[in-house]
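# Observations on the three-dimensional arrangement
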Amino acid sequence: MFSERLKMARKAKKYSQAEVSRLLGVTQQAVGKWETGRSTPDPQTVARLAEILDTTADALLGLSAGAVSAGREVFSGYAQCLVPVVGTVRAGYGALAFEEDYGKEYASVKDPQNYFYLVVKGDSMEPRISDGDLALVRRQSTLENGDLGVLVFGLDGEGTLKKYIQRGNSVVLHPFNPAYEEIVIKGEELDHLYIAGKVVETKAKW
């Protein structure tokens, strides 16, 4: 993720957080938040960071396989593969479609072809997952009770990230945000519920 790549690039240049903050003209606290994933810099700041750390904005954002100037060995300790980032999952004609190509992002997975990232939309999963966060999803058509999954409900609905709960003969899509109501699906409605996959990891806005 961005925070890890930023930290690796900074250490490869043997800079401290204080030195980076001084060169950028920001507080050390801001750099610390970027490296812990609590916040992310704007695109212009990412470009300036890339210049300071002798790398590229694409490499910091995970949009290319480029490594920092210290060489590819910086990343070699991580079994990371590029996984596609999509904005929308929809159901149609009995299959799932993945739309809105946002490029690719690194993930530490053994079989990258079975994974995708989904850009989270809305605040129904606050406070744990925020609008714009990335969810790493393993493609699978079943979920266990209590799993966090990406589900598509309706003939041509849009995928939603919810907690999957089996309650009797019905399925409940449970939001973390108490301001939202649960979606209870039962009877023939279950025929129009598609499971796109299981969420195995989420991370803050990229």
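For the structure given in this document, a descriptive report is provided here. Owing to the predicted nature of the structure, the values given are computational and were not obtained by experimental measurement.

## Overview of the pairing of strand β4 (residues 134-139)
Pairing of strand β3 (residues 115-119) with β4 involves five bridges; the strand directions are antiparallel. Of the residues in β4, the one forming a bridge with Tyr-117 is Leu-136. Two strands pair when backbone bridges link them, and β4 and strand β9 (residues 193-203) are joined in this way by six bridges, in the antiparallel orientation. Paired with Leu-134 across the strands is Lys-203, a residue of β9.

## Some words on the pattern of salt bridges
One side chain can pair with another of opposite charge once the charged atoms of both are near each other. Overall, the coordinates contain eight salt bridges when judged by the stated rule. In this structure, Arg-5 and Glu-105 form a salt bridge, with 3.0 Å as the shortest nitrogen-oxygen distance. Linking Arg-5 in helix α1 (residues 2-12) with Glu-105 in strand β2 (residues 95-107), this pair joins segments that are 100 residues apart in sequence. Two residues, Glu-105 and Lys-203, come together in a salt bridge whose shortest N-O distance is 3.0 Å. Residue Glu-105 is found in strand β2, and its partner Lys-203 is found in strand β9; the two are separated by 98 residues along the sequence. Comparing Glu-105 with Lys-203 shows no difference in burial state: the two are buried. Where salt bridges share partners, they join Arg-5, Glu-105 and Lys-203 into one cluster.

## Structural notes on the packing of aromatic side chains
Applying the stated criterion across every chain yields a total of one aromatic pair. Between Arg-139 and the ring centre of Phe-98, over which it is positioned, the NZ or CZ distance is 4.5 Å.

Cut-offs applied
- By convention here, each chain's residues receive numbers from 1 onward along its written sequence.
- For this predicted model, a pLDDT threshold of at least 70 governs which residues receive local features, and a threshold of 80 or more governs which side-chain atom pairs are given and counted, while totals over whole chains, interfaces and linings are taken from all residues.
- Each side-chain value is derived from all of the structure's non-hydrogen atoms; neither hydrogens nor water enter the calculation.
- Whether two strands pair depends on DSSP finding at least two bridges between them.
- Secondary structure elements follow DSSP: runs of H or I no shorter than four residues count as helices, runs of E no shorter than two count as strands, and numbering proceeds from the N terminus.
- Salt bridges are defined by distance alone: a side-chain nitrogen of Lys or Arg within 4 Å of a carboxyl oxygen of Asp or Glu.
- Note on classification: 1.4 Å probe, protein chains only; a residue is buried when its accessible area is under 20% of the maximum for its type, exposed when over 50%, partly exposed between these limits.
- Here a pair means two rings of Phe, Tyr or Trp (six-membered ring of Trp) with centres within 6.5 Å. Their orientation is stacked below 30 degrees between planes, edge-to-face above 60, and tilted elsewhere.
- Our definition puts a charge over a ring when NZ of Lys or CZ of Arg is within 6 Å of the ring centre and also within 35 degrees of the ring normal.

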